[in-house]
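Each chain is listed here by its residues.
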Amino acid sequence: MDRIGEFLPFMLEGAVTTVEIFILTLVISLPLGLPIALGSNSRFKPLSFLCKIYVWLFRGTPLMLQLWFFYFLFPFQFGITLDAFMTIVITYVLNYAAYFAEIYRGGINSIDRGQYEAAHALGLSKRQTMSDIILPQTMKAILPPVVNETITLVKDTALASALGVIELMKATNSAVNRMTDLTPFFYAAIIYLIMTFILTLIAGRLEKYFSRYDAKEEW
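Residues numbered from 1 in each chain as written. Predicted model: local features only at pLDDT ≥ 70, side-chain atom pairs only at ≥ 80, totals over all residues. Heavy atoms only, no water.

**Observations concerning the packing of aromatic side chains**
With the rule as written, the count across this model stands at six aromatic pairs. With a centroid separation of 4.8 Å and an interplanar angle of 45°, the aromatic rings of tyrosine 54 and phenylalanine 58 are classed as tilted. Here tyrosine 54 and its partner phenylalanine 58 are both found in helix α2 (residues 45-60), four residues apart, which amounts to about one turn of the helix. Residue tyrosine 54 shares its accessibility class with phenylalanine 58, and that shared class is buried. Residues tyrosine 96 and tyrosine 99 carry aromatic rings whose centres are separated by 6.2 Å and whose planes lie at 45° to one another, so their mutual orientation is tilted. Of this pair, tyrosine 96 and tyrosine 99 both sit in helix α4 (residues 84-110), separated by three residues, roughly a single helical turn. Accessibility expressed as a relative area gives 1% for tyrosine 96, which makes it buried. Relative accessible area serves as the criterion here: at 25%, tyrosine 99 is assigned to the partly exposed category. Aromatic rings pair up to connect Tyr96, Tyr99 and Phe100 into one cluster. (Phe/Tyr/Trp six-rings, centres within 6.5 Å; stacked < 30°, edge-to-face > 60°. Helix = DSSP H or I, 4+ residues; strand = E, 2+ residues; numbered from the N terminus. Buried < 20%, exposed > 50% of the residue type's maximum accessible area, 1.4 Å probe, protein only.)

Dropping the structure here:
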């Protein structure tokens, strides 16, 4: 127990880095995914094509490969060098924005066309229809897959160790190697479970909030 107490603060420091990566990625990629989704649905073909290619590239290649590309190949090709932490955040943002964009697009496309027609009959503009009618209902529809992606993001932060950033998993591995004991893995599992439990609670609150936008009640 004394040996665990010696390394637990180091693991908690790694957990803080994990939370930082998670929050920065989520705060930037969630809103970034929406314009990409709208661009994919755009009738302006060049914009739609570019957005779909972006989503295809980042969803079709492993996150680890993307990390290596931006950390090693990108600086070599373009002479732009970033530190490991910044590289990780940028890569995670670009990757998860693509996933969120597809979730948004699926949610928007799931809204019945009658909603658009009813809004048009009421004299609402396209912007008003999207912001006041479609998007609130979309948020309710996409909440479960978004929550699943955010939980995946918590676990994907472990890949940051590939670039030498000491997040929770790398700190845990260091503790295991020094102690020659697997107990730190148990503590790491508890920390990850606490993170996902908090996300689940937040998701439940959000689901109740967006339930007021049920289509049956809207019209």
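**Let's talk about the side chain of threonine 18**
Note that threonine 18 resides in helix α1 (residues 2-40). The class of threonine 18 is buried, set by a relative accessible area of 1%. Of the polar contacts made by the side chain of threonine 18, one reaches the backbone nitrogen of leucine 168; its length is 3.0 Å. (Polar contact = N/O pair within 3.5 Å; in protein donor to acceptor, adjacent residues only side chain to side chain.)

**Points about helix α6 (residues 126-156)**
It helps to recall that an α-helix has 3.6 residues per turn; residues three or four apart then point in one direction. Taking 1.5 Å of rise per residue, the 31 residues of α6 would be expected to cover 45 Å, yet its terminal C-alpha atoms sit only 38 Å apart, more than 12% below that figure. The axis of α6 is deflected most strongly, by about 50°, at isoleucine 142, and proline proline 144 appears within four residues downstream. (Expected span 1.5 Å × (residues − 1). Bend = angle between axes of the 7 residues up to and from the residue.)

**A closer look at the nonpolar core**
Ile36, Tyr54, Ile88, Tyr92 and Phe100 are the most contacted members of the largest nonpolar core, which has 46 residues in total. At the level of elements, α1, α2, α3 (63-78), α4, α6, α7 (168-179) and α8 (183-210) are the ones that each hand at least two residues to this core. With ten residues, the single largest contributor to this core is α4. Setting aside residues up to four positions removed in sequence, tyrosine 54 forms contacts with Ile36, Leu94, Ala97 and Ala98. Of all hydrophobic cores here, the second largest spans five residues; its members include Ile111, Tyr116, Ile133 and Ile134. (Core = buried A, V, L, I, M, F, W, Y, C linked by side-chain atoms within 4.5 Å. Contact = heavy atoms within 4.5 Å.)

**Regarding the confidence of the model for the chain**
Of the residues in the chain, 95% reach a pLDDT of 70 or more, and the chain-wide mean stands at 86. Highest mean pLDDT in the chain belongs to α2 (95); lowest belongs to helix α9 (residues 215-218) (45). Contacts from residues 215-219, a stretch scored under 50 in pLDDT, to residues over four places away or in other chains number 13 contacts. (pLDDT = per-residue confidence, 0-100.)

**A short note on the pattern of salt bridges**
Scanning the entire structure with this criterion turns up two salt bridges. For arginine 59, the salt bridge goes to glutamate 102, with nearest N and O atoms at 3.7 Å. Separated by 43 residues along the polypeptide, arginine 59 in helix α2 and glutamate 102 in helix α4 bring together distant segments of the chain. Judged by relative accessible area, arginine 59 falls into the partly exposed class, the value being 40%. Judged by relative accessible area, glutamate 102 falls into the partly exposed class, the value being 22%. Taking the shortest distance from any N to any O, the salt bridge between arginine 105 and glutamate 102 comes out at 3.0 Å. With arginine 105 and glutamate 102 both in helix α4 and three residues apart, the pair spans about one turn of that helix. (Salt bridge = Lys/Arg side-chain N within 4 Å of Asp/Glu carboxyl O.)

**Let's talk about a nonpolar patch on the surface**
On the surface, a nonpolar cluster with roughly 760 Å² of combined accessible area is contributed by Phe186, Ile190, Ile194, Phe197, Ile198, Leu201, Ile202 and Leu206. Along the chain, isoleucine 198 turns up in helix α8. (Patch = residues over 30% accessible without salt bridge, like charges linked within 9 Å, V, L, I, M, F, W, Y side chains within 5 Å. Areas by Shrake-Rupley, 256 points an atom, 1.4 Å probe, with all protein chains shown as cover.)

**Observations regarding the environment of phenylalanine 185**
Summarising the element assignment, phenylalanine 185 is placed in helix α8. Along the primary structure phenylalanine 185 and isoleucine 111 are separated by 74 residues, whereas in three dimensions their C-alpha atoms are 44 Å apart. Those residues in contact with phenylalanine 185, other than ones at most four positions away along the chain, are Met169, Thr172, Asn173 and Val176.

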